[in-house]
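The chain contents come next:
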Amino acid sequence: MQIIMFGPPGAGKGTQSQKLAKLYGIPQLSTGDILRAAVAAGSAVGLAAKAQIDSGALVGDDIVIGCIRDRLNESDAQDGFILDGFPRTVAQAVELDALLGQIGKSISCVVELVVNEAELMKRVAARAQQASATGAQVRSDDNPESLKMRLATYHSATRPVAAFYEKAGVLVKVDGLRDISEVTEEIVSLLAAPASG
Ligand code: AMP
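Before going into details, it helps to say that this report is about the structure given with it. Not measured: the values here are computed from a predicted model.

1. Here's the deal with the sheet that holds strand S5 (residues 171–175)
Alright, step 1. Strands sit in the order S2-S3-S1-S4-S5 across an open sheet of 5 strands; the sheet is parallel. Each of the sheet's edge strands pairs with one partner strand only, and the pair in question is strand S2 (28–30) and S5. For this sheet, the mean angle separating the axes of adjacent strands, direction not counted, is 25 degrees.
Alright, step 2. Here strand S4 (residues 109–114) runs beside S5; their pairing, made up of 5 bridges, is parallel. When the bridges of S5 are listed, Val-111 appears paired with Val-172.
Alright, step 3. Together, strand S1 (2–6), S2, strand S3 (81–84) and S4 form the strand contacts of helix H1 (residues 13–24), whose direction differs from that of S3 by roughly 175 degrees.

Rendered as structure tokens:
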């Protein structure tokens, strides 16, 4: 099963991806996590991506596609995966289709988590607060300025990706405002429905 978790920052993509990864025994592939690890390691990818991540802008398609291509080749991703935060542009979606096509695979389902903007702002602020209260590292982009940029980027560059997958007949929408476990349950039942493969 090849799943994409789609939605704006703070919609719960990471949380739901982790739950589904455990349930289905397939990995969560988060480009945000891959890029943050590259920044922490000081690699060439990290150096090239840091300024964009901090400001809330998108990292270049070539860099992100290179990261995903490498990750999809790893052994744990051969029986399925959950993409979290990728693709974020139509160009990335087109390239992903090509990559999967080369290995005889395709996207089974794109789950769009629908959450209004006021709630997104609240959730991201709460995440930063919680991280600092527990002594964990606060994400460099979990601040009001970067969040504004991340939301603007979502609307201009990433929203069209939903239409791309709607046309392909694999997009399902889920109300992301409910309890975490209720959202997971709905996703699981949608994934079990015949139309979503
Ligand atoms: P995330 O953890 O998914 O919220 O991603 C954090 C940041 O990493 C984003 O705001 C972007 O700067 C960068 N990023 C993550 N995934 C992508 C992607 N698919 N395309 C471009 N930039 C990305």
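More follows now that the structure is in view.
2. Some words on the site of the ligand
Alright, step 1. Around the ligand sit 17 residues, and of these Thr-31, Arg-36, Ala-57, Arg-88 and Gln-92 come closest.
Alright, step 2. For the ligand, whose accessible area on its own is 480 Å², the fraction buried by protein is 96%.
Alright, step 3. Among the cavities detected, the one that contains the ligand is the largest pocket.
Alright, step 4. Among the secondary structure elements, those contributing two or more residues to the shell around the ligand are helix H2 (31–41) and helix H3 (44–55).
Alright, step 5. For the shell around the ligand, the element with the highest residue contribution is H2, accounting for 4 residues.
Alright, step 6. Residue composition of the shell around the ligand, grouped by class: 7 nonpolar, 5 polar and 5 charged.

3. A few points about the nonpolar core
Alright, step 1. Counting residues in hydrophobic clusters, the biggest one holds 28 residues, and the most contacted among them are Ile-4, Leu-72, Leu-83, Leu-96, Ile-107, Val-110 and Tyr-165.
Alright, step 2. Membership of the second largest hydrophobic core comes to 20 residues, among which are Ile-3, Val-115, Val-183 and Leu-191.

4. Remarks on the packing of aromatic side chains
Alright, step 1. For the structure shown, the criterion picks out 2 aromatic pairs.
Alright, step 2. Ring centres 6.0 Å apart and planes at 45 degrees place the aromatic pair Phe-6 and Tyr-154 in the tilted group. Residue Phe-6 is found in strand S1, and its partner Tyr-154 is found in helix H7 (residues 144–167); the two are separated by 148 residues along the sequence. Residue Phe-6 shares its accessibility class with Tyr-154, and that shared class is buried.
Alright, step 3. Plain terms: the ring middles of Phe-164 and Tyr-165 are 5.0 Å apart, the flat faces sit at 90 degrees to each other, and that makes the pair edge-to-face.
Alright, step 4. On the basis of relative accessible area, Phe-164 is assigned to the partly exposed category, the value being 23%.
Alright, step 5. Assessed through its relative accessible area of 2%, Tyr-165 is described here as buried.

5. Some remarks on the side chain of Thr-89
Alright, step 1. Among the secondary structure elements, Thr-89 is positioned in the loop between S3 and helix H5 (90–102).
Alright, step 2. Among the polar contacts made by the side chain of Thr-89, one reaches the main-chain amide nitrogen of Gln-92 at a distance of 3.1 Å.
Alright, step 3. Leave out the neighbours within four places in its chain, and Thr-89 touches Leu-58, Asp-61, Ala-157 and Val-161.

6. Details of the packing of H2 against helix H4 (residues 61–72)
Alright, step 1. Following both chains from N to C, one finds H2 and H4 inclined at 100 degrees, their axes separated by 10 Å at the closest point. With respect to their mutual orientation, H2 and H4 come out roughly perpendicular. Where H2 abuts H4, its residues Thr-31, Ile-34 and Leu-35 lie against Ile-63, Val-64, Cys-67, Ile-68 and Arg-71.
Alright, step 2. Of the residues in the contact of H2 with H4, the class split is 6 nonpolar, 1 polar and 1 charged.

7. Structural notes on the layout of surface pockets
Alright, step 1. As a volume, the largest pocket reaches approximately 1000 Å³.
Alright, step 2. At the level of elements, S1, H1, S2, H2, helix H6 (117–133), H7 and helix H8 (180–192) are the ones that each hand at least two residues to the lining of the largest pocket.
Alright, step 3. Taken together, the residues that form the lining of the largest pocket break down as 19 nonpolar, 17 polar and 11 charged.
Alright, step 4. Estimated volume of the second largest pocket: approximately 230 Å³.

The rules we used
- Residues numbered from 1 in each chain as written.
- Predicted model: local features only at pLDDT ≥ 70, side-chain atom pairs only at ≥ 80, totals over all residues.
- Heavy atoms only, no water.
- Pairing = 2+ DSSP bridges.
- Helix = DSSP H or I, 4+ residues; strand = E, 2+ residues; numbered from the N terminus.
- Axes fitted to C-alpha atoms, helices over the stretch in contact; angles between N-to-C directions.
- Contact = heavy atoms within 4.5 Å.
- Near = heavy atom within 4 Å.
- Areas by Shrake-Rupley, 256 points an atom, 1.4 Å probe, with all protein chains shown as cover.
- 1 Å grid on protein atoms, 1.4 Å probe; cavity = no way out; pocket = protein on both sides within 12 Å on 5 of 7 lines; lining within 4 Å.
- Sits in = over half its atoms within 2 Å of the grid points.
- Nonpolar A, V, L, I, M, F, W, Y, C, P; charged D, E, K, R; others polar.
- Core = buried A, V, L, I, M, F, W, Y, C linked by side-chain atoms within 4.5 Å.
- Buried < 20%, exposed > 50% of the residue type's maximum accessible area, 1.4 Å probe, protein only.
- Phe/Tyr/Trp six-rings, centres within 6.5 Å; stacked < 30°, edge-to-face > 60°.
- Polar contact = N/O pair within 3.5 Å; in protein donor to acceptor, adjacent residues only side chain to side chain.
- Parallel < 35°, antiparallel > 145°, perpendicular 65-115°, else oblique.
- Points joined across faces, edges and corners; volume = space filled by probe spheres on them.

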